[in-house]
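Descriptive structure summary
Take a look at the letters that make up each chain.
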Amino acid sequence: FYDDFMARDNATAPQVHIYVAGFPCQSFAAAGKQRGLDDARGTVFFGCADYIRAQRPRVFLLENVKGLLTNDG
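Definitions and limits used
- Residues numbered from 1 in each chain as written.
- Predicted model: local features only at pLDDT ≥ 70, side-chain atom pairs only at ≥ 80, totals over all residues.
- Heavy atoms only, no water.
- Helix = DSSP H or I, 4+ residues; strand = E, 2+ residues; numbered from the N terminus.
- Buried < 20%, exposed > 50% of the residue type's maximum accessible area, 1.4 Å probe, protein only.
- Contact = heavy atoms within 4.5 Å.
- Phe/Tyr/Trp six-rings, centres within 6.5 Å; stacked < 30°, edge-to-face > 60°.
- Core = buried A, V, L, I, M, F, W, Y, C linked by side-chain atoms within 4.5 Å.

**Some thoughts on the environment of A29**
Considering the arrangement of structural elements, one finds A29 in the loop between strand 1 (18-21) and helix 1 (44-55). For A29, a relative accessible area of 18% puts it in the buried group. C-alpha of A29 to C-alpha of N64: the two residues are 35 residues apart in sequence and 9.8 Å apart in space. Discounting residues that sit within four places of it in the chain, A29 has contacts with Q34 and V65.

The following block contains the structure:
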């Protein structure tokens, strides 16, 4: 367990075969304010992506947020 997910060193974090993560979607979702990366909650996605890049789990499942790929251009 980690007290602060964003402070975790993903290079030394335990490796898993299946990585499941959720992150605050209000920054990207159509129902939210759509502030994207200008909202601190929007940057939590990068903590998830960094773990995936560092540890290369066999499978990963992330929340599907429509605006994630289109917000902020």
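After presenting the structure, the write-up continues.
**Considerations on the packing of aromatic side chains**
The tally for this structure, following the rule as stated, stands at 2 aromatic pairs. Residues Y19 and Y51 carry aromatic rings whose centres are separated by 4.5 Å and whose planes lie at 20° to one another, so their mutual orientation is stacked. Of this pair, Y19 sits in strand 1 while Y51 sits in helix 1, placing them 32 residues apart in sequence. We note that Y19, like Y51, is buried. With a centroid separation of 5.6 Å and 65° between ring planes, the pair formed by F45 and F46 is classed as edge-to-face. Classification of F46 as partly exposed rests on a relative accessible area of 43%.

**Considering the nonpolar core**
One recurring pattern in soluble globular proteins: nonpolar side chains tend to sit buried together. A13, Y19, A21, F23, F28, A29, V44, C48, Y51, I52 and V65 together form the largest nonpolar core, which totals 11 residues. Elements supplying a minimum of two residues to this core: strand 1 and helix 1. Residue contributions to this core peak at 4 residues, all from helix 1. If we skip the residues at most four places from it in the chain, C48 touches F5, Y19, A21, F23 and L62.

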